[in-house]
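# Tertiary structure, described
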Amino acid sequence: MAGKRLIVMGPPGGGKGTQAKRLQDRYGIVQLSTGDMLRAAVKAGTALGKQAKTVMDAGKLVSDELIVAMIAERISEADCANGFILDGFPRTVLQAESLDKLLKSKGIKLDSVIEVAVPDARLIERVTGRFTCAKCGEGYHDKFKQLRKAGVCDTCGGTEFIRRADDKAETVVARLKAYHDQTAPLMPHYERQGLLKVIDGDRDINVVAAELERVLGA
Ligand code: ADP
Ligand code: ADP
Ligand code: ZN
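Fair warning: this is a prediction, and the values are worked out from it, not measured in the lab.

### Quick notes on the coordination of the zinc ion (ligand 3)
Of the protein atoms, only Cys-133 (SG), Cys-136 (SG), Cys-153 (SG) and Cys-156 (SG) coordinate the zinc ion (ligand 3), at distances of 2.3 to 2.4 Å. Taken together, the four donor atoms coordinating the zinc ion (ligand 3) and their angles of 102 to 116° define a geometry best described as tetrahedral. Sequence positions of the donors to the zinc ion (ligand 3) reduce to the motif C-x2-C-x16-C-x2-C. A residue pair is termed long-range when its members are at least 10 positions apart, and Cys-136 in the loop between strand E5 (130-133) and strand E6 (139-141) and Cys-153 in the loop between E6 and strand E7 (161-162) qualify at 17 residues. Since its relative accessible area comes to 3%, Cys-153 is described here as buried.

### Details of the sheet that holds strand E3 (residues 84-87)
Ordered by their spatial adjacency, five strands build an open sheet running E2-E3-E1-E4-E8, and the pairing between neighbours is parallel. Because the sheet does not close on itself, it has two edges, and the strands there are strand E2 (30-33) and strand E8 (196-200). Put simply, the sheet's adjacent strands are angled 20° from each other on average, direction ignored. Here four bridges tie strand E1 (residues 5-9) to E3, and the two strands are oriented parallel to one another.

### Structural notes on the site of ligand 2
In the neighbourhood of ligand 2, 20 residues make up the surrounding shell, with Lys-16, Thr-34, Lys-60, Arg-91 and Arg-175 lying closest. In the model, an oxygen atom of ligand 2 is placed 2.8 Å from a nitrogen or oxygen of the Lys-16 side chain. In this structure, an oxygen atom belonging to ligand 2 sits 3.1 Å away from a side-chain N or O atom of Arg-164. Compared with its free state, where it exposes 550 Å², ligand 2 has 97% of that area covered by protein. Residue classes in the shell around ligand 2 are distributed as seven nonpolar, five polar and eight charged.

### Thoughts on the site of ligand 1
Around ligand 1, 18 residues are found, and the nearest of them are Gly-17, Thr-18, Arg-130, Tyr-140 and Arg-203. At 3.2 Å, a backbone N or O of Gly-14 approaches an oxygen atom of ligand 1. Out of a free accessible area of 570 Å², ligand 1 has 91% covered by protein chains. Sorting the residues of the shell around ligand 1 by element identifies helix H1 (16-27), E6 and helix H9 (205-215) as the ones contributing at least two each. A per-element tally of the shell around ligand 1 places H1 first, with three residues. Classifying every residue of the shell around ligand 1 gives six nonpolar, seven polar and five charged.

### Digging into helix H5 (residues 93-106)
Between the first and last C-alpha of H5 there are 20 Å, a value that for 14 residues agrees with the 20 Å anticipated at 1.5 Å per step. Among all positions of H5, only Gln-95, Ala-96, Ser-98, Leu-99, Leu-102 and Leu-103 are buried. Looking straight down H5, one finds its buried side chains confined to an arc of 160°; they lie on one side. Summarising the geometry of H5, the exposed residues directed more than 90 degrees from the buried face are Lys-101, Lys-104 and Ser-105. Here the buried face of H5 lies against E1, helix H4 (64-75), E3 and helix H8 (186-192). Gly-107 sits one or two residues past H5 and shows a positive phi near 70°.

### Here's the deal with the pattern of salt bridges
On inspection of all chains with the given rule, the structure shows 18 salt bridges. Where Asp-154 meets Arg-148, a salt bridge forms, and the shortest distance between an N and an O atom there is 3.9 Å. Through salt bridges with shared partners, one network takes in Arg-130, Arg-164, Asp-166, Asp-167 and Arg-175.

### Remarks on the packing of aromatic side chains
Summed over the entire model, instances satisfying the criterion amount to three aromatic pairs. Between Phe-131 and Tyr-140, the aromatic rings sit 5.6 Å apart at their centres with planes inclined by 20°, giving stacked as the arrangement. Note on Phe-131: relative accessible area 8%, which makes it buried. On the basis of an interplanar angle of 80° and a centroid distance of 6.2 Å, the ring pair of Tyr-140 and Phe-161 is categorised as edge-to-face. Here Phe-161 lies in strand E7 and Tyr-140 lies in strand E6, a separation of 21 residues in the sequence. Take Phe-161: its relative accessible area is 26%, and that puts it in the partly exposed class. By the ring-pair criterion, three or more aromatic residues cluster together here, those being Phe-131, Tyr-140 and Phe-161. Directly above the aromatic system of Tyr-140 lies the positively charged group of Lys-145, at a separation of 5.0 Å from the ring centroid.

About the cut-offs
Residues numbered from 1 in each chain as written. Chains lettered and ligands numbered in written order. Predicted model: local features only at pLDDT ≥ 70, side-chain atom pairs only at ≥ 80, totals over all residues. Heavy atoms only, no water. Donors = N, O, S within 2.8 Å, 3.2 Å for Na, K, Ca; no water. Tetrahedral: all angles 85-135°; square planar, octahedral: opposite > 155°, others 65-115°. Helix = DSSP H or I, 4+ residues; strand = E, 2+ residues; numbered from the N terminus. Buried < 20%, exposed > 50% of the residue type's maximum accessible area, 1.4 Å probe, protein only. Pairing = 2+ DSSP bridges. Axes fitted to C-alpha atoms, helices over the stretch in contact; angles between N-to-C directions. Near = heavy atom within 4 Å. Polar contact = N/O pair within 3.5 Å; in protein donor to acceptor, adjacent residues only side chain to side chain. Areas by Shrake-Rupley, 256 points an atom, 1.4 Å probe, with all protein chains shown as cover. Nonpolar A, V, L, I, M, F, W, Y, C, P; charged D, E, K, R; others polar. Expected span 1.5 Å × (residues − 1). Arc of directions from axis to C-beta. Contact = heavy atoms within 4.5 Å. Salt bridge = Lys/Arg side-chain N within 4 Å of Asp/Glu carboxyl O. Phe/Tyr/Trp six-rings, centres within 6.5 Å; stacked < 30°, edge-to-face > 60°. Lys NZ or Arg CZ within 6 Å of the ring centre and 35° of its normal.

Structure (structure tokens):
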């Protein structure tokens, strides 16, 4: 694949995590999901987790300072040396500028920024039908990616599943507003750098994955 340092952007429920995981499995580059990191901090009850929980439950964005510090630390770990897929970060212009500086200081260049575009009207259904395996983290959907065998994870055989506290229709509206107000302005930032590639995410998961591979020259 041409390039191993990627950003996957898109609205809540757009399919970023689904596609980023597939790239991780296929190309052996780690997926760095700020949402997953925050949820792990909430579960562990750390100071960061306590601060983030209220903000996440309200569908708002956690402060740039906390997020940038979290990513700076994570990206310096050994498993990121071979490449990484940023999923859900950056989400504000300030985060993008901080990332530019961080990568510059490490002598690293981004290869591509992918926008998975999905119309708002589709997202409530995507988000409210989402669930994941508690054991292996595999993502599913009530309608679009069902379990092959009821109650059992296809991947690991686990039988416990999780639904996110913020995956409610009311919260999605706030998350979509945050996306349009604070994250959408990043597209011109990356377009100017010649990195932005927009793909139509309003198609079957496998079709989107194939398109992504084509765009990445994989
Ligand atoms: P994001 O990480 O952008 O919030 P997810 O990858 O978690 O989004 O996808 C949201 C939900 O929609 C999940 O339940 C997932 O299984 C499902 N999904 C992902 N991509 C598609 C697609 N192309 N078509 C239909 N459903 C999808
Ligand atoms: P989704 O892909 O469905 O939008 P995420 O798992 O990426 O959800 O994020 C869940 C929540 O975590 C966000 O609504 C926000 O509160 C917080 N969050 C995740 N990433 C960031 C970020 N880069 N900046 C600020 N807040 C974030
Ligand atoms: Zn599983």
